[in-house]
Amino acid sequence: MSVVVIDRYRLFRQGIMQIISVEEDFRVVGECGFGKDGITLIGERQPDLVLLDSDRGGAQAVGMLRGVLLVSPGSKVVVVTAHDAPRLVADLIAAGAHAYLLKNATREELLVTLRTVYRDSGNVVVSVPRETLRGMHEPEHVLLSRREAEVLGLVAVGMRNSQIALELYISEGTVKRHLTNAYAKLGVESRISAVKKAITLGIVSLDEVFDAGETVGK
């Protein structure tokens, strides 16, 4: 099976290539960063499998996926990402992804996913938490989870991740995960942009932000 690895981080690409290259039934035929160069490479190599990073957010990830399938319609695309946002998973699968795998997956999970996708084009392999799968079936207007909205509300009043963790009785790592998922769902890449968009969409209320700000300031 010929494979092309697309990810913005060279170290991650090298790690994936090292895992694949020792397997007799895989052959890495190219690797590249995210963007037009990656699509050009895939168009030239026409690989059986594409490992595609989607860490740049929803719209960019979907656009990249569509570009890959346009230049190489015979390729099976396995999305490998740090995001488990339900809407992102649903959008990428709808756009034609053959598998969705989180970057904390094991070596064995990666290899099984690649072989399964190659052999069975009729099924989609999704390896995400059960909570994410439930979220995929929520109505479209339910963009952020209650906790993600709470975290963004506290970001809006200027709280740091460590302060938010104390306020909500969760770990700082969990705060970061909620923010990462919120960025992906909102299609943004920064705290300020996420807060602005959440307020625009009515997910975070300005009145609530002002009330929270007064409480924090006391």
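Residues numbered from 1 in each chain as written. Predicted model: local features only at pLDDT ≥ 70, side-chain atom pairs only at ≥ 80, totals over all residues. Heavy atoms only, no water.

1. Quick look at the confidence of the model for the protein
Consideration 1: Looking at the protein, the pLDDT average stands at 82 and 83% of residues meet or exceed 70.
Consideration 2: A low-confidence stretch, residues 212-218 (pLDDT under 50), is modelled with four contacts involving residues beyond four sequence positions or located in other chains. (pLDDT = per-residue confidence, 0-100. Contact = heavy atoms within 4.5 Å.)

2. Regarding unusual backbone geometry
Consideration 1: Not every positive phi belongs to a glycine, and Gln 46 is a case in point at roughly 50 degrees.
Consideration 2: For Gln 46, the position within the fold is in the loop between helix 2 (36-45) and strand 3 (49-53).
Consideration 3: According to the relative accessible area criterion, Gln 46 is partly exposed, its value standing at 40%.
Consideration 4: Positive phi, close to 60 degrees, is recorded for Tyr 169, a residue that is not glycine. (Helix = DSSP H or I, 4+ residues; strand = E, 2+ residues; numbered from the N terminus. Buried < 20%, exposed > 50% of the residue type's maximum accessible area, 1.4 Å probe, protein only.)

3. So, the pairing of strand 3
Every other side chain in a regular strand lies on the same face of the sheet, so the side chains alternate between the two faces.
Consideration 1: Of all five residues in strand 3, five are buried, a share of seventy percent or more.
Consideration 2: Of the two faces of strand 3, the one holding Leu 49, Leu 51 and Asp 53 and the one holding Val 50 and Leu 52 are both buried throughout.
Consideration 3: Of the pairings in the sheet, the one linking strand 1 (residues 2-6) to strand 3 comprises four bridges and is parallel in character. Looking at the pairing, Ile 6 lines up with Leu 52 of strand 3. (Pairing = 2+ DSSP bridges.)

4. Concerning the packing of aromatic side chains
Consideration 1: Using the criterion set out here, one finds zero aromatic pairs in the structure.
Consideration 2: Positioned above the aromatic ring of Phe 12, the side-chain terminus of Lys 103 is 4.3 Å from the ring centre. (Phe/Tyr/Trp six-rings, centres within 6.5 Å; stacked < 30°, edge-to-face > 60°. Lys NZ or Arg CZ within 6 Å of the ring centre and 35° of its normal.)

5. Notes on the sheet that holds strand 6 (residues 125-127)
Consideration 1: Judged by pairing direction, the sheet is parallel, and its six strands sit side by side in the order 2-1-3-4-5-6 without closing on themselves. If you trace the sheet from one side to the other, it starts and ends with strand 2 (27-32) and strand 6, each paired once. When strand polarity is set aside, the average angle formed by the axes of neighbouring strands in this sheet is 20 degrees.
Consideration 2: Where strand 3 lies against strand 4 (residues 76-81), five bridges are found, and the strand directions are parallel. (Axes fitted to C-alpha atoms, helices over the stretch in contact; angles between N-to-C directions.)

6. Observations regarding the environment of Leu 70
Consideration 1: On the secondary structure map, Leu 70 appears in helix 3 (residues 58-71).
Consideration 2: When the C-alpha atoms of Leu 70 and Ile 39 are compared, they prove to be 9.1 Å apart, with 31 residues separating the residues in sequence.

7. Brief notes about the pattern of salt bridges
Any two side chains of opposite charge can pair, so long as their charged atoms come close to each other.
Consideration 1: For the coordinates displayed, the defined rule picks out ten salt bridges.
Consideration 2: The salt bridge partner of Lys 103 is Asp 7, with a shortest N-O separation of 2.9 Å. Pair noted here: Lys 103 is in the loop between strand 5 (99-102) and helix 5 (107-119) and Asp 7 is in the loop between strand 1 and helix 1 (10-21), with a separation of 96 residues, a long-range link.
Consideration 3: A salt bridge links Arg 107 to Glu 23; the shortest N-O distance between them is 2.4 Å. (Salt bridge = Lys/Arg side-chain N within 4 Å of Asp/Glu carboxyl O.)

8. A word on the nonpolar core
Consideration 1: Within the largest apolar cluster, 25 residues are counted, with the highest numbers of intra-cluster contacts made by Ile 6, Val 50, Leu 52, Leu 65, Val 77, Leu 92 and Tyr 100.
Consideration 2: When residues no more than four places from it in sequence are discounted, the contact partners of Leu 52 are Ile 6, Phe 34, Met 64, Leu 65, Val 77, Val 78, Val 79 and Val 80.
Consideration 3: Core analysis: the second largest hydrophobic core is formed by 21 residues, Leu 152, Ile 164, Leu 186 and Val 204 among them. (Core = buried A, V, L, I, M, F, W, Y, C linked by side-chain atoms within 4.5 Å.)

9. Some thoughts on helix 9 (residues 172-186)
Consideration 1: For helix 9, with 15 residues, the first-to-last C-alpha span of 21 Å sits near the 21 Å given by 1.5 Å per residue.
Consideration 2: Residues Val 175, His 178, Leu 179, Asn 181, Ala 182, Tyr 183, Ala 184, Lys 185 and Leu 186 constitute the buried set of helix 9.
Consideration 3: In the segment just after helix 9, Gly 187 is the residue with positive phi, at about 70 degrees. (Expected span 1.5 Å × (residues − 1).)

10. A few points about the pairing of strand 4
Consideration 1: Within strand 4, six of the six residues are buried, which leaves the element mostly enclosed by the surrounding structure.
Consideration 2: Neither face of strand 4 is open: one carries Lys 76, Val 78 and Val 80, the other Val 77, Val 79 and Thr 81, and all of them are buried.
Consideration 3: Both strand 4 and strand 5 contribute to a ladder of four bridges, which runs parallel. Considered in strand 5, the bridge of Thr 81 is made with Leu 102.

11. Some words on helix 8 (residues 161-168)
The α-helix winds at 3.6 residues per turn, so residues separated by three or four positions along the chain end up facing the same way.
Consideration 1: Listed as buried for helix 8 are Asn 161, Ile 164, Ala 165 and Leu 168. In an axial view of helix 8, the angular spread of the buried residues amounts to 100 degrees, which keeps them on one side of the axis.
Consideration 2: On its buried face, helix 8 is in contact with helix 7 (146-156), helix 9 and helix 10 (191-200). (Arc of directions from axis to C-beta.)

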